[in-house]
Amino acid sequence: MSLDLERVELIGQELAIHWKDGEETFLSLETLRRACPCAACGGEADAFGRVHRPPVQYLPGSFRLEGFVPVGGYALQFRWGDGHSTGIYSFAYLRRLASSANE
Ligand SMILES: [Zn+2]
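Nothing here was measured: the structure is a model prediction, and the numbers come from that model.

Caption draft 1: View of the sheet that holds strand 6 (residues 88-90). Read from one edge to the other, the open sheet built from three strands follows the order 4-5-6, with strand pairing classed as antiparallel. What marks the edges here is a single partner per strand, and that holds for strand 4 (65-71) and strand 6. Across the sheet, the mean angle from the axis of one strand to that of its neighbour is 30°, orientation sign disregarded. Here strand 5 (residues 75-80) pairs with strand 6 via three bridges, running antiparallel. Across the sheet, the residue bridging to leucine 76 is tyrosine 89, located in strand 6.

Caption draft 2: A look at the sheet that holds strand 3 (residues 24-28). If you walk across this open sheet you meet the three strands as 1-2-3, and the pairing is antiparallel. Two strands close off the open sheet at either side, each with one partner strand: strand 1 (5-11) and strand 3. Ignoring strand direction, the axes of neighbouring strands in this sheet form an average angle of 15°. Here strand 1 runs beside strand 2 (residues 14-19); their pairing, made up of six bridges, is antiparallel. When the sheet's bridge partners are listed, valine 8 is paired in strand 2 with isoleucine 17.

Caption draft 3: Up close: the nonpolar core. Formed by Leu15, Ile17, Leu27, Leu32, Ala35, Cys36, Leu76, Phe78, Trp80, Tyr89 and Leu94, the largest nonpolar core amounts to eleven residues. No other element matches the three residues that strand 5 contributes to this core. For isoleucine 17, the contacting residues outside a window of four places in its chain are Leu5, Val8, Glu24, Thr25 and Leu94.

Caption draft 4: Expanded view of the pairing of strand 5. Of the two faces of strand 5, only one is covered, namely that formed by Leu76, Phe78 and Trp80; the face formed by Ala75, Gln77 and Arg79 stays uncovered. Direction of pairing for strand 4 relative to strand 5: antiparallel, over a ladder of six bridges. Bridge assignment links proline 70 to a residue of strand 5, and that residue is leucine 76. Remark: three residues form the turn of the hairpin made by strand 4 and strand 5, two consecutive strands paired antiparallel; glycine 72 in that turn has positive phi of roughly 55°.

Caption draft 5: Examining the environment of alanine 75 more closely. Positionally, alanine 75 belongs in strand 5. For alanine 75, a count of 19 C-beta atoms within 10 Å puts it in the partly exposed group. For the pair alanine 75 and phenylalanine 91, spaced 16 residues apart in sequence, the C-alpha to C-alpha distance is 5.2 Å.

Caption draft 6: Structural context of the pairing of strand 1. With zero of seven residues buried, strand 1 is to be regarded as a mostly surface element. Taking the residues between adjacent antiparallel strands as the criterion, strand 1 and strand 2 are bridged by two residues, where glycine 12 takes a positive phi near 60°.

Caption draft 7: Molecular detail of the environment of glycine 12. The residue glycine 12 is located in the loop between strand 1 and strand 2 in this model. For glycine 12 and serine 28, which are 16 residues apart along the polypeptide, the C-alpha to C-alpha distance reads 9.0 Å.

Thresholds applied
- Residues numbered from 1 in each chain as written.
- Predicted model: local features only at pLDDT ≥ 70, side-chain atom pairs only at ≥ 80, totals over all residues.
- Pairing = 2+ DSSP bridges.
- Helix = DSSP H or I, 4+ residues; strand = E, 2+ residues; numbered from the N terminus.
- Axes fitted to C-alpha atoms, helices over the stretch in contact; angles between N-to-C directions.
- Core = buried A, V, L, I, M, F, W, Y, C linked by C-beta atoms within 7 Å.
- Buried ≥ 20, exposed ≤ 12 C-beta atoms within 10 Å, placed from the backbone.
- Contact = placed C-beta atoms within 7 Å.

Following this line, the structure appears as structure tokens:
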């Protein structure tokens, strides 16, 4: 299954993602930032499915979204208010994140 974006909107403190298959994903900016998949934030699970997160220092601007750019047609890269922008969020990861956040 290939995922494709229709459009992305920032609504207050939430990101609304509209997918081409008609699904909608809502994620709070805080959830999004805390799930940052870059190496420094340690968002990826190990071979046993466990996620080991190093302690991450968040700043007042950490949960403010400055902007985002599409990456290679399969992911979004967010730029945060504290200058952090190394996390590449694949579309599949964003969808998975939203379903686990809403459980
Ligand atoms: Zn990160």
